[in-house]
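Chain residues, written in single-letter form:
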Amino acid sequence: MLENIRVVLVNTSHPGNIGGAARAMKNMGLSRLVLVDPLDFPSHEANARASGADDVLASAQVVATLEEALVGTTVVLGTSARDRRIPWPLLDPRECGAKSIEEAARGGEIALVFGREHAGLTNEELQRCHFHVHIPSNPDFSSLNLGAAVQVLAYEVRMAWLAAEGQASKTEKVEVASVKSAELATSDEMERFYDHLEQSLVDIGFLDPQSPRHLMARLRRLYGRSSVNRAEMNILRGILTETQKAARGELHKRKD
Ligand code: SAH
């Protein structure tokens, strides 16, 4: 299950933090590290701070954009040290651990996304996430070191995994949910849907590109918490295609 969970670090400036994150991951049994446009990697400092988790660094995937890092994911959890303007489904680290393991047990692919040391994640990046995770730190000093934040979440993932393993060995089988996550639409499919949705809303005059008023963010939040599966995605895309045709005056001729 732990192989289905990837840790994504966005635009990290200090290689030492990449090493610290790799060490925290390996301590907790996680191995999949994805680095989005790191400032300085590979680096001796990263290896020094990894103190033995060099294998995690060696197999780290380096990509240019968050979008690439999220290909194939079914649940994306984005971490944030503070509140943002648009409220989003929010989990604490314990719930994040439980959610990740529950999803992994169904065959889903999970991403835990961490932001830049100085600026965290942008609003746009946070809107790519299904859930936000906040470590309930001192409100007057809320921002943890990046490696420390990875440690807290990785620990909670491990605790949830150990609990699930204990349960599985007691009942001698892992429960398989009726809707398999493998059938859920992936993040990249959802992105194509959002593009199609946005274009359709412009076509029918519901969305004014000059004054979008967070409409797409609100719709992302709505669909993001719905666990849309492949069949439902096909229905939604079909509705959009027909809506666009109708807007162009190409209405379906009904038989009756
Ligand atoms: N100045 C930045 C802080 C970034 S800290 C800001 O205000 O957003 C670097 C990263 O560590 C964050 O993007 C997040 O991924 C993680 N992090 C730090 N403190 C956190 C907290 N209290 N809860 C969740 N994630 C946290």
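Within every chain, residues take consecutive numbers counted from 1 along the sequence as written. The predicted nature of this model means local features are confined to residues of pLDDT at least 70 and side-chain atom pairs, given and counted, to a pLDDT of 80 or more, with totals for whole chains, interfaces and linings taken over all residues. Side-chain metrics rest on all non-hydrogen atoms present in the structure, leaving aside hydrogens and water.

**Concerning the domain arrangement of the protein chain**
Counted only if it meets this: Domain start and stop points were drawn from an automatic or database domain assignment. Buried area: the accessible surface (1.4 Å probe) lost by two parts on joining, summed over both. We define a salt bridge as a contact between a side-chain nitrogen of Lys or Arg and a carboxyl oxygen of Asp or Glu at a distance within 4 Å. Definition of a polar contact: a pair of N or O atoms within 3.5 Å, with one able to donate and the other able to accept a hydrogen when the atoms are protein atoms, and with sequence-neighbouring residues admitted only if both atoms are side-chain atoms.
For the protein chain, the assigned domains read domain 1 (2-171) and domain 2 (180-247). Distance between the C-alpha centres of domain 1 and domain 2: 27 Å. Summed over both sides, the interface between domain 1 and domain 2 buries roughly 1400 Å², with carbon and sulfur atoms accounting for 57% of that surface. Joining domain 1 to domain 2, the criterion identifies one salt bridge. A salt bridge links E191 to R128, with the nearest nitrogen and oxygen atoms 3.3 Å apart. Taken together, the links from domain 1 to domain 2 amount to four residue pairs in polar contact (both at pLDDT 80 or more).

**Digging into the packing of aromatic side chains**
Aromatic ring pairs are reported here in terms of the distance separating the ring centres and the angle at which the planes meet. Put simply, the rule is: Stacked, tilted and edge-to-face are the three classes applied to pairs of Phe, Tyr and Trp rings, where Trp contributes its six-membered ring and a pair requires centres within 6.5 Å; stacked means planes under 30 degrees apart, edge-to-face means over 60, and tilted covers the rest. Classification of residues uses two cut-offs on accessible area relative to the type maximum, computed with a 1.4 Å probe and protein chains only: under 20% is buried, over 50% is exposed, and between them is partly exposed. Put simply, DSSP H or I for four residues or longer makes a helix, DSSP E for two residues or longer makes a strand, and each gets a number counted from the N terminus.
Counted according to the given criterion, the structure contains two aromatic pairs. Considering the side-chain rings of F193 and Y194, the 5.6 Å spacing of their centres and the 50° angle between planes classify their relative orientation as tilted. By relative accessible area, F193 is classed as buried at 1%. We classify Y194 as buried; its relative accessible area is 6%. With a centroid separation of 5.0 Å and an interplanar angle of 80°, the aromatic rings of F193 and Y223 are classed as edge-to-face. With F193 in helix α8 (residues 187-203) and Y223 in helix α9 (residues 215-224), the pair connects residues that are 30 residues apart, well separated along the chain. Residue Y223 is classed as buried on the basis of its relative accessible area, which comes to 19%. Cluster of aromatic residues (ring-pair linked, three or more members): F193, Y194 and Y223.

**Here's the deal with the nonpolar core**
The test is simple: We call a set of buried residues a nonpolar core when its members are Ala, Val, Leu, Ile, Met, Phe, Trp, Tyr or Cys and they connect through side-chain atoms within 4.5 Å of each other. Residue contacts are defined here by distance: any two heavy atoms, one from each residue, within 4.5 Å place the two residues in contact.
Counting 40 residues, the largest nonpolar core has V7, L9, L33, L77, L112 and F114 as the members making the most contacts within it. The element best represented in this core is helix α7 (residues 146-171), accounting for eight residues. Not counting the four nearest positions on each side in its chain, L9 is found in contact with I18, A21, L33, V34, L35, V36, F114, L146 and V150.

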